Every structure is written in structure tokens, then in C-alpha cells.
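One-letter residues, chain by chain:
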Amino acid sequence: MDRTKWIPEESCWGGGNNERQCYTGRPENIQVSDGVLRLIALKEDFKGPLLADQHGGDQTTKAYTSGKVRTRGLAGWTYGRFSARLKLPDGQGTWPAFWMMPSSSTYGRWPLSGEIDIMEAVNLGTPCEDCVGGKENRTSGAAHFGDVAPDNTYLFLKTDPTTPESPADHWRTYSLEWADGQMQWLVDGKVFMRLTSKDWYTAAPNAADRPSAPFDQPFFLMLNLAVGGNLPEKSNGMGFDLKSFPAELLVDWVRVEQCQGDETSGRACLDTQKWNGKPQGPWETQAR
């Protein structure tokens, strides 16, 4: 892995989602083999820093380790097309993600400054009444925004459950096209969710005259494989399956493309294919 472009995160705090892993920078959890990046989740007790980027701070022990890489401090972008060709793990409790966070807290702490989830998947291959073959084969995208918790919110959507091939069995390309006032999520070039600035907001006072806030500032990229946590353990078959691990998120490539001739807004390069869907609100509310 080119550490001038990607840096491993080392932390054990669980992402605020009760995840079960410590992220490490060890080759046991982050490897490059035959040109493919492998983020590997393992069952093993590990003691590490509670929070990322701390020196001499609190430590804690978790029962799993895994890999997470990011461009924080190295590169950030405002607008463009962000893509990764991935092969995802299956099993109850697996949670791979390709996502973005703000390079600086221009509008304040999470989620005042926003979060963009390009691809998430939980529990692939486990029971799903709506999916082809009765097994989970969907991924999802999301944007987080609003006010500080508990007044935070987000919009998300899952991909078409009638797609027969599982992303755990096939390589797929997951993309975000992000321009001033619009974001759209794609899998293998097909749009499955679209949002405009009318769909999101931030409660930050310094965003009052910024119609595209908080999604008008530089964001950095991340890839990780979480072990358990609120989302997978409250979805599909519910709970956590020890047999799902070890597991791997495979990364063939990651690309960032910016709109030549319209770098300022990026609108000129947005895919204009038709999309008639509707994003959904927080899954926690729907589950009640």
C-alpha cells in the first residue's frame, strides 16, 4: 500500500456504533497481494488506542482486529467522481464501507459538517425476504447531516434487491458523483440514489448563506471493514455470527476524477440518466 496516499487508522473506539474491532496497521489486517488491497478482520484479543491519532492516551481491548485506511491529512476533495472496485465479504455481522468525512470541521462537529457513505453493506448472504434467492445482496449509500445528536439525521437507499449476483461473489464498482448542490450514487455505472441541496441541511450558524452546506467543503476518503455494530446486529437475522470471521474486504482500485473545465462546481460532468426513486429516512425510525 502506498503510504503517501493512504494511512492506516489505529483505534479501538468502535466508531460510535458499538463495533467490536480494533483497527490496526499490522500486515495481519492490511495487506497488498497480487495488486489487491486486503482489509482483513480476525478473531483475536487486541489492546490498542481508544481513539485514532492520539499519543499516550487511553487504551482498550477488543476481541477482533481489522483494517481501515484513509487519506486524512494527505488529500481531500470538493466535488468529483469517487469510485472503487470492490469485492465484499458476506456473513452476519460483517460491515464493509467506502466513505468520506470532512477534512476540517468547517461547520462544527459531526454531523454538522456532514458525512458521505458511498458504499455500505451488512450481512451479505443472510436472510432477506425481498432479495432474489431470499439472501441479502444489497448495498447502500447515505448522506448524514442536520444538527448534533440526538437531532442528527440522514437519507439513504439500498440497491435493487432483484439483482441476482451478490457483491460478495462478484467485483463491482461503487461510485459517488458529487457536484455543487447534487450528489448521486452509482453501482457499475447505474444511478440508484440522487440527492440535491434541497434534501440536506446543517444547523451550523456559519452555513446560513451557503445553500449547499455542509457538502461544499473538502472531504477525505476511507475504506474499512467493521466487525459487528448497531447496523448489522439489528438487521437481517439479527445478532452476531462468530462464523462470519475471518473476513476480507478486497480493493482492486480507487479513483478520484474531477470535472475538467468545471472544477468549481462539477455539474457539467454529472451523469444525466433518469432516476425515479425516493431516498429513505433513518432506518432506526423505520424499524420501530
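Residues numbered from 1 in each chain as written. Predicted model: local features only at pLDDT ≥ 70, side-chain atom pairs only at ≥ 80, totals over all residues. Heavy atoms only, no water.

Student: Which residues make up the state of the cysteines, and what are the values?
Tutor: Evaluation of the coordinates by the stated rule reveals 3 disulfides. Paired by a disulfide, C12 and C22 hold their sulfur atoms 2.0 Å apart. Here the S-S torsion is close to 115 degrees, and the disulfide linking C12 with C22 is therefore right-handed. Taken together, the residues span a long stretch of sequence, with C12 in the loop between β1 (7-8) and β2 (21-23) and C22 in strand β2 at a distance of 10 residues. Here C12 and C22 have matching classes, each one buried. C259 shares a disulfide with C269; S-S distance 2.0 Å. Handedness here is read from the sign of the S-S torsion; for C259 and C269, about 75 degrees, the answer is right-handed. Here C259 is found in the loop between β16 (247-257) and α2 (283-287), whereas its partner C269 is found in the loop between β16 and α2, with 10 residues between them in sequence. Disulfides within the protein link the bonded cysteines, taken in sequence order, as 1-2, 3-4, 5-6. (Disulfide = S-S within 2.5 Å. Helix = DSSP H or I, 4+ residues; strand = E, 2+ residues; numbered from the N terminus. Buried < 20%, exposed > 50% of the residue type's maximum accessible area, 1.4 Å probe, protein only.)

Student: Give me the layout of surface pockets: which residues, what numbers.
Tutor: In this structure, the second largest pocket occupies an estimated 400 Å³ of space. Taken together, 22 residues make up the lining of the second largest pocket; nearest its centre are M1, D2, K5, W6 and V254. Looking at the lining of the second largest pocket, the elements with two or more residues in it are β4 (36-49), β15 (219-227) and β16. Among the elements that make up the lining of the second largest pocket, the one with the highest residue count is β16 (6 residues). Residue classes in the lining of the second largest pocket are distributed as 15 nonpolar, 3 polar and 4 charged. (1 Å grid on protein atoms, 1.4 Å probe; cavity = no way out; pocket = protein on both sides within 12 Å on 5 of 7 lines; lining within 4 Å. Points joined across faces, edges and corners; volume = space filled by probe spheres on them. Nonpolar A, V, L, I, M, F, W, Y, C, P; charged D, E, K, R; others polar.)

Student: Residues and numbers for the sheet that holds β15, please.
Tutor: With antiparallel pairing, the 7 strands of this open sheet are ordered in space as β1-β6-β15-β8-β9-β10-β11. With one partner strand each, in any of the chains shown, β1 and β11 (152-158) form the two edges of the open sheet. Of the pairings in the sheet, the one linking strand β9 (residues 115-120) to strand β10 (residues 140-146) comprises 4 bridges and is antiparallel in character. Paired with E120 across the strands is S140, a residue of β10. (Pairing = 2+ DSSP bridges.)

Student: Let's hear about the side chain of Q182: which residues, and what values?
Tutor: Within the secondary structure layout, Q182 lies in strand β13 (residues 182-187). Polar side-chain contacts of Q182 include one of 3.2 Å to the side chain of Q184. In contact with Q182, not counting residues within four places along its chain, are E177, R194, L195, T196, W200 and L270. (Polar contact = N/O pair within 3.5 Å; in protein donor to acceptor, adjacent residues only side chain to side chain. Contact = heavy atoms within 4.5 Å.)

Student: Explain unusual backbone geometry to me, and be specific about the residues and the numbers.
Tutor: In the segment running from A213 into P214, the intervening peptide bond is cis, with an omega of 5 degrees. With respect to the helices and strands, P214 occurs in the loop between β14 (190-196) and β15. In this structure, the amide linkage connecting F245 to the following residue, P246, adopts the cis form with an omega of 10 degrees. Looking at where P246 falls in the secondary structure, it is placed in the loop between α1 (230-233) and β16. If you check the backbone angles, N18 has positive phi at about 60 degrees while not being a glycine. The topology assignment puts N18 in the loop between β1 and β2. Phi angles above zero are rare outside glycine, and N236 is one such case at about 55 degrees.

Structural measurements only, silent on function.
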